[in-house]
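Letter by letter, the chains look like this.
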Amino acid sequence: MTTILDSFGNPAALPPRVSASIRGWSPGGYNAAAWSPDRARITNAATDSSRDITPFTRGQIDRIARYLCKNNGMIKGLKLDFVKYVIGPGIFPYADSGDEGWDEAADEWFMDWADICDISGRMSFWDMQRARESNRFESGDVFTILTQKPSGYPQLKLVRPHNVRSDGEDGYNDGIKVDRHGATQRIKFLQPDGTYRTLPARSVDHSMMMEAGDEVRQVSALHAAIEHCQDSAEILGFEKLAIKDHSRVSRIIKKDYNGYEDEDDGSDVEAQLDAVAAGSPRDMSSVPYERVVGGEIIRLNVGEDMSSFASDRPGTAFAGFLELLGREVTASTGWRYEFSWNPTGIPGTAIRQILDSISRTALLRQTCEIRSTHRLRNYAIANAIERGELDAHPNWYRADYIPGAPDPSIDKGRDGKLEMAQVEAGLLSRKEFHGRRGKSWRRVEAQILKETERTNAAGLDPDGTIVAVDNTDAKTKVDAYGIGVRAGVITPQEDDENYHRDLLGLPASSDAVKSSWKDDGGARRPVTIQAGEDLEAEGEPAE
């Protein structure tokens, strides 16, 4: 009788290897706490995040994640989706001090500063927002130094996370020193010349997505599925190599060496068998052929059979396997596979649930960027007040933050009409409506006001064409006015004539007409209405 052995070489007997749930015993009553040799032993301990995310751990994950973002199109596309739908054109701060005049001045100053805020001169404030989200996705965290020019003008410097590190046993945890409460005190930066520089925490914005709440540093959003990312890339690479190798082969020749006898004396059979035994990939002897009109005739030796080669790579299950890995990757980041990689075949109800899930993920990550933007905006505004470019205000630090990134949608027209209806109903402010499109609502409203004034002054439609006079409506108004005058309920005056001239598109009153009105005292009595003394005169007998 053959003994079945386990993976350790021991007899696979049921009693000592039966699971905890079958034995009816487990630590504390939890089957999950029981160890079984049928599963891999999980060795990590439950401890603080600062002990889990060591410099080595974070550095390894960061290194692999950056490699994948550079060389894996699916991961690169996923990162771009995060940047597009979390930041988009930017997250725009609008002052909300309660003083409209001060708010407008502060917003104008900030918009001008945002274009030149980067001390390197390469990025705008909105470019830095996108770079921060890219680094949070790829590496886990990112740093922004609050600095200034020699003149005192506020500036920002973006620092990627690999430049924050410790230089030995110096009391820093991966470049960050915290107090006993876990609050950051100082941050250490690696300089281009290899030296280190430390800055107080008040001079640096450290941005990362908190998950456990006690992280000092953070790792890439891909960390939970980074092995799947690497495996899918390698499997796809190997499959491509196999397809290339198969593409080089058009036909194969099979030779039966058993009973094979050469046309002469079969003397080369031994040599052929020795070549195969020595590892020769195939019989390299030439295949004679004859050319005839319309094709080729190939003459085979005795025992040979030729057939076309048909590759079976990739297999039918290959695409499904890659999709499984892709779902693991996107699910670990809070995104959805169907949105970024394969939306085909998704019904309307399901796609709406997918879009809602993506919107919520984007909203969570937007709150992280808003926290950084709030600090950086207040640093710049406070500096402007200190240097006298803005007046001091008790509520200078208050602001609204409106994301300009578009909401994921399958029907932009329908969503646009909904937003317009919400604006008309007072459920959505114009500030938020324009802010979602990356525009300053004050500038848009001012431009609309200018265009409206120009249109009204020139008698034009918004498209620049002359407004046609509605003669039917004008005739009705003039007839009603005439009836009111003749009935004695309206006394004609100069303003009435000006109104009707505008209504009918007539030129303005001439000087002679204005003089006539002046002679009449600015008002006229209709011919059918007489003053009281005139009526009395008519009632007296003639002399």
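About the thresholds
Residues numbered from 1 in each chain as written. Predicted model: local features only at pLDDT ≥ 70, side-chain atom pairs only at ≥ 80, totals over all residues. Heavy atoms only, no water. Disulfide = S-S within 2.5 Å. Buried < 20%, exposed > 50% of the residue type's maximum accessible area, 1.4 Å probe, protein only. Helix = DSSP H or I, 4+ residues; strand = E, 2+ residues; numbered from the N terminus. Contact = heavy atoms within 4.5 Å. Salt bridge = Lys/Arg side-chain N within 4 Å of Asp/Glu carboxyl O. Axes fitted to C-alpha atoms, helices over the stretch in contact; angles between N-to-C directions. Parallel < 35°, antiparallel > 145°, perpendicular 65-115°, else oblique. Nonpolar A, V, L, I, M, F, W, Y, C, P; charged D, E, K, R; others polar. pLDDT = per-residue confidence, 0-100. Left-handed = near helix turned anticlockwise from the far one by under 90°. Pairing = 2+ DSSP bridges. Expected span 1.5 Å × (residues − 1). Polar contact = N/O pair within 3.5 Å; in protein donor to acceptor, adjacent residues only side chain to side chain. Core = buried A, V, L, I, M, F, W, Y, C linked by side-chain atoms within 4.5 Å. Phe/Tyr/Trp six-rings, centres within 6.5 Å; stacked < 30°, edge-to-face > 60°. Lys NZ or Arg CZ within 6 Å of the ring centre and 35° of its normal.

### Looking at the state of the cysteines
So, point 1. Tallied over the entire structure, the rule returns 0 disulfides.
So, point 2. C69 forms no disulfide, and the closest cysteine sulfur to it belongs to C229, at a distance of 8.5 Å.
So, point 3. Looking at C69, the relative accessible area reads 3%, which means it is buried.

### Some words on the side chain of S124
So, point 1. Tracing the backbone through its elements, the reader meets S124 in the loop between α6 (100-114) and α7 (125-138).
So, point 2. Leave out the neighbours within four places in its chain, and S124 touches A114, D115 and C117.

### Some words on the pattern of salt bridges
So, point 1. Under the defined criterion, the tally for this structure stands at 19 salt bridges.
So, point 2. Its salt-bridge partner being E133, residue R365 comes within 2.7 Å of it at the nearest N-O pair. Here the residue R365 occupies a position in helix α12 (residues 348-386), and E133 occupies one in helix α7, the gap between them amounting to 232 residues.
So, point 3. Salt-bridge contacts for E338 lead to R336; the nearest nitrogen and oxygen are separated by 3.8 Å.
So, point 4. On the accessibility criterion, E338 (9% relative accessible area) is buried.
So, point 5. Residues participating in the shared-partner salt-bridge network are D62, R66, K79, E138 and R160.

### Quick notes on the packing of helix α5 (residues 73-86) against α12
So, point 1. At a closest axis distance of 9 Å, the pairing of α5 and α12 adopts a crossing angle of 75°. It follows that α5 is roughly perpendicular to α12 by the angle criterion. Residue-level contacts link F82, Y85 and V86 of α5 to T361, A362, R365 and Q366 of α12.
So, point 2. Taken together, the residues of the contact of α5 with α12 break down into 4 nonpolar, 2 polar and 1 charged.

### Remarks on the confidence of the model for the protein chain
So, point 1. Looking at the protein chain, the pLDDT average stands at 79 and 80% of residues meet or exceed 70.
So, point 2. Ranking the helices and strands of the protein chain by mean pLDDT puts strand β3 (residues 154-159) first, with 96, and helix α19 (residues 532-539) last, with 45.

### Some words on the packing of α7 against α12
So, point 1. Taken N-terminus to C-terminus, the directions of α7 and α12 make an angle of 135°; their axes are 11 Å apart at the nearest point. Overall, the two elements α7 and α12 adopt an arrangement that is oblique. Regarding α7 and α12, the two cross each other, and that crossing is right-handed. Between α7, through F125, Q129, R132, E133, R136 and F137, and α12, the contact on the second element is made entirely by R365, C368, E369, S372, T373 and L376.

### Re the sheet that holds strand β2 (residues 141-148)
So, point 1. Read from one edge to the other, the open sheet built from 3 strands follows the order β3-β2-β7, with strand pairing classed as antiparallel. One side of each edge strand has no neighbouring strand; the edge strands of this open sheet are β3 and β7 (204-208). Across this sheet, the average inter-strand angle for adjacent strands is 25°, counted without regard to direction.
So, point 2. In this structure, β2 lies alongside β3, joined through 6 bridges in antiparallel fashion. From the neighbouring strand, F143 faces β3, where its bridge partner is V159.
So, point 3. Against the sheet, α12 contacts β2, β3 and β7, and its axis sits at roughly 165° relative to β7.

### Notes on the environment of W517
So, point 1. Relative to the helices and strands, W517 resides in helix α18 (residues 511-519).
So, point 2. On the basis of relative accessibility, which here comes to 4%, the residue W517 falls in the buried class.
So, point 3. Along the sequence, W517 and Q493 sit 24 residues apart, while their C-alpha atoms lie 8.1 Å from each other.

### Considerations on the sheet that holds strand β4 (residues 176-178)
So, point 1. Taken in spatial order, the 3 strands make up an open sheet running β4-β5-β6, and their pairing is antiparallel. Only two strands of the sheet have a single partner each, and these edge strands are β4 and β6 (196-200). Strand after strand, the sheet turns through a mean of 20° between neighbouring axes, direction not considered.
So, point 2. For β4 and strand β5 (residues 184-190), the ladder comprises 3 bridges, and the chain directions are antiparallel. For V178, the partnering residue across the bridge sits in β5 and is T184.

### Examining the pairing of β5
Remark: a regular strand shows side chains that alternate across the two faces of the sheet.
So, point 1. Following β4, the chain reverses through 5 residues before pairing antiparallel with β5; G182 in that reversal takes a positive phi of roughly 90°.
So, point 2. Bridge count for β5 against β6 is 5 bridges, and the pairing is antiparallel. Paired with K188 across the strands is T198, a residue of β6.

### Brief notes about α6
So, point 1. With 15 residues, α6 extends 21 Å between its outermost C-alpha atoms, agreeing within 8% with the 21 Å of an ideal straight helix rising 1.5 Å per residue.
So, point 2. Listed as buried for α6 are W102, D103, A106, D107, W109, F110, M111, W113 and A114.
So, point 3. Measuring from the backbone nitrogen of G101 back to the side-chain oxygen at the start of α6 gives 3.1 Å, which picks out D99 as the cap.

### Digging into the nonpolar core
When a protein is soluble and globular, its nonpolar side chains tend to lie buried together.
So, point 1. With 26 residues, the main nonpolar core has W109, F110, W113, F125, L156 and I381 as its most contacted residues.
So, point 2. Looking at this core, the elements with two or more residues in it are β1 (91-95), α6, α7 and α12.
So, point 3. Among the elements that take part in this core, α6 stands out by supplying 7 residues, more than any other.
So, point 4. Ranked by size, the runner-up nonpolar core spans 25 residues in total, among them Y85, A221, W341 and I351.

### Structural notes on the packing of aromatic side chains
So, point 1. The full count for this structure, using the stated rule, is 14 aromatic pairs.
So, point 2. Judged by centre distance (5.3 Å) and plane angle (75°), the rings of Y85 and F339 are edge-to-face. Of this pair, Y85 sits in helix α5 while F339 sits in helix α11 (residues 337-340), and the two are 254 residues apart along the sequence. F339 matches Y85 in its accessibility class, with the two residues each being buried.
So, point 3. By the ring-pair criterion, three or more aromatic residues cluster together here, those being F92, W109, F110, W113, F125 and W126.
So, point 4. Stacked on the ring of Y172, the Lys or Arg K188 has its end atom at 4.4 Å from the ring centre.

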